[in-house]
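# Report on the structure
Listed here are the chains, written in short residue letters.
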Amino acid sequence: MSNITPAEHLAEVLSRFEDAPDSRLAEIMKCAIRHMHEFVLEVGLTREEWFAGMKALADIGHMCDEKRQEFILLSDTLGVSMLVEMINQMGAEGTTEPTVFGPFHVEGATPRQMGDSIVVDAMDADEPLTILGEVSSLGGGPIEGATLDVWQAASNGFYDVQDSRQTPLNMRGVFTTGADGGYEVRTVRPVSYPVPDDGPAGALLHATGRHNWRPAHVHFVVSAPGHKTVITHLFDSESDFLDSDVVFGVRDSLIVDMNGGRCDYDFVLEPTA
Ligand code: BEZ
Ligand code: FE
C-alpha cells in the first residue's frame, strides 16, 4: 500500500463538506481550504512556522474590542479589504471610483447645512479647505436629495474616536443636496497619518519592511434614492504616500488638487436597474 499523497489528503478533507446544509458556506470553506493546502505545499511550511502563524492570529483576536478591530486592520494592510470593495462596489465606467471604508466611520454624524464646516475643534495646524461640486446621475443630471456622509482625521492625524481630546463627532457631517445637486463642505486640508502599529498587524508591517502610513484623504459615502451608494475618498495630490498607501486604497481618479483652499470634485452615481 502506498502512502497517502497531499492531493488525496485534500480530496478527503473537501469530501467532508458534501452534506453541508449551507451550500454557499461549503463553497467558501472548500475554496479557502484548497488555497491553504496549496499555500502550505508551495512554501514548504514548517510546524514552527504554522504555530507562529496561529499564535499571531490568536494575538490579533486578543487585541480586538469594541474600539479596536485588529482583524480589519490586518485585512486592510494585506489588500484584502480593497479587493472585496473592488469586486462588490465597482460601478459602471464614468461613475466615481470606490475605495476602502476603513474602521473610523461613525453612524449618526451631525446633519449639516450646505456650506457648513465639519470642524468642531480648531487646531493650530489647520489649513482651511472648501470641497465643492455636484452629485449627478450617470447619463443623467444633478441629483436632488443625495446625502454625503463626510469624515476625516483632524490636523493632528487622529480621528475623534481615537483621541479623547477631541469633541465626539469632530470632523464629521452629513450633507444633503438641493435641487441643483450641488454640495459644499468646509473643512481643513487633510493630513497623512499612520494606522495603528502597536498591535500584531503593525508588527507584521514592520517585520516585512513596510511603513504604516496613509496619504492625506477625506472620506465620503455618497448615496441617493435609485442609485448605488459609493464609499470613497478624495486624496490630496500633494500628499506623501500616494504611491505606497498602507491599505492600497489610492485610485488615480480620486487624487485631486487641494491647493489654494479649494477642491473641486463631482461625484457620479450609477442608477440602479
Ligand atoms: C481610514 O482611512 O480611515 C483607514 C482605512 C483602513 C485602515 C485604517 C484606517
Ligand atoms: Fe481615513
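Source: prediction; values computed, not measured.

## Description of the pattern of salt bridges
- The full count for this structure, using the stated rule, is 15 salt bridges.
- Salt-bridge contacts for R68 lead to E70; the nearest nitrogen and oxygen are separated by 2.8 Å.
- For R68, a relative accessible area of 16% corresponds to the buried category.
- Here the salt bridges share partners, and the residues they tie into one network are E127, R189, D236 and E238.

## As for the coordination of the iron ion (ligand 2)
- Around the iron ion (ligand 2), the protein supplies Y159 (OH), Y193 (OH), H217 (NE2) and H219 (NE2) as donor atoms, at distances of 1.9 to 2.2 Å.
- Judged by relative accessible area, Y159 falls into the buried class, the value being 0%.

## Considering the packing of aromatic side chains
- Considering all chains together, one arrives at seven aromatic pairs under this definition.
- With centroids separated by 4.6 Å and ring planes inclined at 25 degrees, the aromatic side chains of F104 and Y159 adopt a geometry described as stacked. In this pair, F104 sits in the loop between helix 5 (80-89) and strand 1 (111-112) while Y159 sits in the loop between strand 3 (147-151) and strand 4 (172-176), placing the two residues 55 residues apart along the sequence.
- Pairing Y265 with F267 gives two aromatic rings, centres 4.9 Å apart and planes at 70 degrees, and the pair type is edge-to-face.
- The class of Y265 is buried, set by a relative accessible area of 12%.
- Connected via pairs of aromatic rings, a cluster forms that spans Y183, F220, Y265 and F267.

## Describing helix 2 (residues 23-43)
- With 21 residues, helix 2 ought to run about 30 Å at 1.5 Å a step, and its terminal C-alpha atoms sit 30 Å apart, in line with that.
- The distance from a side-chain oxygen at the start of helix 2 to the backbone nitrogen of R24 is 3.1 Å, and the residue carrying that oxygen is D22.
- G44 lies just past helix 2 and shows a positive phi near 60 degrees.

## Description of the site of ligand 1
- Lining the immediate environment of ligand 1, one finds D76, G102, P103, F104, Y159, Y193, V195, R214, H217, H219 and V247.
- Within the side chain of Y193, one N or O atom sits 2.7 Å away from an oxygen atom of ligand 1.
- H219 is positioned such that a nitrogen or oxygen atom in its side chain is 3.0 Å from an oxygen atom of ligand 1.
- Notes on ligand 1: free accessible area 270 Å², of which the protein chains cover 100%.
- Among the residues forming the shell around ligand 1, the class breakdown is six nonpolar, three polar and two charged.

## Thoughts on helix 6 (residues 200-207)
- Along helix 6, the residues that are buried comprise A201, G202 and L205. One side of helix 6 carries all its buried residues, which in axial view fall inside an arc of 100 degrees.
- The secondary structure elements touched by the buried residues of helix 6 are helix 4 (70-77).
- The positive-phi residue at the C-terminal boundary of helix 6 is G209, with phi of around 75 degrees.

## A short note on the sheet that holds strand 10 (residues 255-256)
- Pairing within the open sheet is mixed, and its six strands lie in the order 1-4-3-8-9-10. For this open sheet the edge positions go to strand 1 and strand 10, each flanked by a neighbour on one side alone.
- In terms of strand pairing, strand 3 meets strand 4 through five bridges, oriented antiparallel. Bridge pairing in strand 4 places D149 opposite V174.

## Let's talk about the packing of helix 3 (residues 47-63) against helix 4
- One can describe the packing of helix 3 onto helix 4 by two numbers: an axis separation of 7 Å at closest approach and a directional angle of 125 degrees. By the angle between their axes, helix 3 is oblique relative to helix 4. Only E70, F71 and L74 of helix 4 make contact with helix 3, whose side of the interface consists of L57, I60, G61 and M63.
- Partitioned by chemical class, the residues of the contact of helix 3 with helix 4 number five nonpolar, one polar and one charged.

What counts and how
Residues numbered from 1 in each chain as written. Chains lettered and ligands numbered in written order. Predicted model: local features only at pLDDT ≥ 70, side-chain atom pairs only at ≥ 80, totals over all residues. Heavy atoms only, no water. Salt bridge = Lys/Arg side-chain N within 4 Å of Asp/Glu carboxyl O. Buried < 20%, exposed > 50% of the residue type's maximum accessible area, 1.4 Å probe, protein only. Donors = N, O, S within 2.8 Å, 3.2 Å for Na, K, Ca; no water. Phe/Tyr/Trp six-rings, centres within 6.5 Å; stacked < 30°, edge-to-face > 60°. Helix = DSSP H or I, 4+ residues; strand = E, 2+ residues; numbered from the N terminus. Expected span 1.5 Å × (residues − 1). Polar contact = N/O pair within 3.5 Å; in protein donor to acceptor, adjacent residues only side chain to side chain. Near = heavy atom within 4 Å. Areas by Shrake-Rupley, 256 points an atom, 1.4 Å probe, with all protein chains shown as cover. Nonpolar A, V, L, I, M, F, W, Y, C, P; charged D, E, K, R; others polar. Arc of directions from axis to C-beta. Contact = heavy atoms within 4.5 Å. Pairing = 2+ DSSP bridges. Axes fitted to C-alpha atoms, helices over the stretch in contact; angles between N-to-C directions. Parallel < 35°, antiparallel > 145°, perpendicular 65-115°, else oblique.

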